[in-house]
Amino acid sequence: MIHVKFFASVRERIGMGEIFLPVPEGGVTVAEVLALAEGEAGVALQDAHLLAAVNLQHVSFAGVVHDGDEVAFFPPVTGG
């Protein structure tokens, strides 16, 4: 299983803080995890400006996710 977490406006848009998804054979990319999560929640996030992390490390959407990984999606953050 992949533990998928959503933060800030992504959490509000998708309507939940986390979900668990089964891992397809051979693993998946972060982009594929996002697509699976969208299907599960019935909400499109592809047009949102998102960042992703796998196991607390920032990654690109081409990064590979394996069974037992935690994937987080969140909006870019600025500060001052």
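Higher on the page you've got the structure.
So, a few notes on the structure that sits alongside this text.

So, how was this worked out
Residues numbered from 1 in each chain as written. Predicted model: local features only at pLDDT ≥ 70, side-chain atom pairs only at ≥ 80, totals over all residues. Heavy atoms only, no water. Salt bridge = Lys/Arg side-chain N within 4 Å of Asp/Glu carboxyl O. Helix = DSSP H or I, 4+ residues; strand = E, 2+ residues; numbered from the N terminus. Buried < 20%, exposed > 50% of the residue type's maximum accessible area, 1.4 Å probe, protein only. Core = buried A, V, L, I, M, F, W, Y, C linked by side-chain atoms within 4.5 Å. Contact = heavy atoms within 4.5 Å. Pairing = 2+ DSSP bridges. Axes fitted to C-alpha atoms, helices over the stretch in contact; angles between N-to-C directions.

1. Digging into the pattern of salt bridges
Thinking step 1. On inspection of all chains with the given rule, the structure shows one salt bridge.
Thinking step 2. Among the salt bridges present, the one from Lys 5 reaches Glu 70, with a minimum N-O distance of 3.3 Å. Placement of the pair is Lys 5 in strand S1 (residues 2-6) and Glu 70 in strand S7 (residues 70-74), with a sequence separation of 65 residues.

2. A few points about the environment of Ile 14
Thinking step 1. Examined against the element boundaries, Ile 14 turns out to sit in helix H1 (residues 8-14).
Thinking step 2. Here Ile 14 falls in the buried class, since its relative accessible area comes to 5%.
Thinking step 3. As a C-alpha pair, Ile 14 and Gly 26 span 12 residues in sequence and 27 Å in three-dimensional space.

3. Focus: the nonpolar core
Thinking step 1. In this structure, Val 4, Phe 6, Val 33, Val 65, Val 71 and Phe 73 are the most contacted members of the largest nonpolar core, which totals 19 residues.
Thinking step 2. Every element with two or more residues in this core is listed here: S1, H1, strand S2 (18-21), helix H2 (30-41), strand S4 (51-54) and S7.
Thinking step 3. In terms of residue count, the dominant contributor to this core is H2 (four residues).
Thinking step 4. With residues up to four places along the chain from it excluded, the contact list for Val 71 reads Ile 2, His 3, Val 4, Lys 5, Val 30, Val 33, Ala 53, Val 54 and Val 65.

4. Focus on unusual backbone geometry
Thinking step 1. The phi dihedral of Ala 8 is positive, around 55 degrees, even though this residue is not glycine.
Thinking step 2. Of note, Asn 55 is a non-glycine position whose phi angle comes to about 50 degrees, a positive value.
Thinking step 3. When you line up the elements, Asn 55 lands in the loop between S4 and strand S5 (57-59).

5. What about the sheet that holds S4?
Thinking step 1. Ordered in space as S2-S1-S7-S4-S5, the five strands form an open sheet in which the pairing is mixed. Taken across any chain shown, the strands that pair with only one partner, and hence form the sheet edges, are S2 and S5. Shown here is a sheet whose adjacent strand axes are inclined to one another by a mean of 30 degrees, direction ignored.
Thinking step 2. As defined by bridge partners, S4 adjoins S7 across four bridges and the pair is classed as antiparallel. Its bridge partner being in S7, Ala 52 is matched across the sheet by Phe 73.
Thinking step 3. Across the sheet, H2 lies against S1, S2, S4, S5 and S7, angled at about 110 degrees from S2, the strand it touches most.

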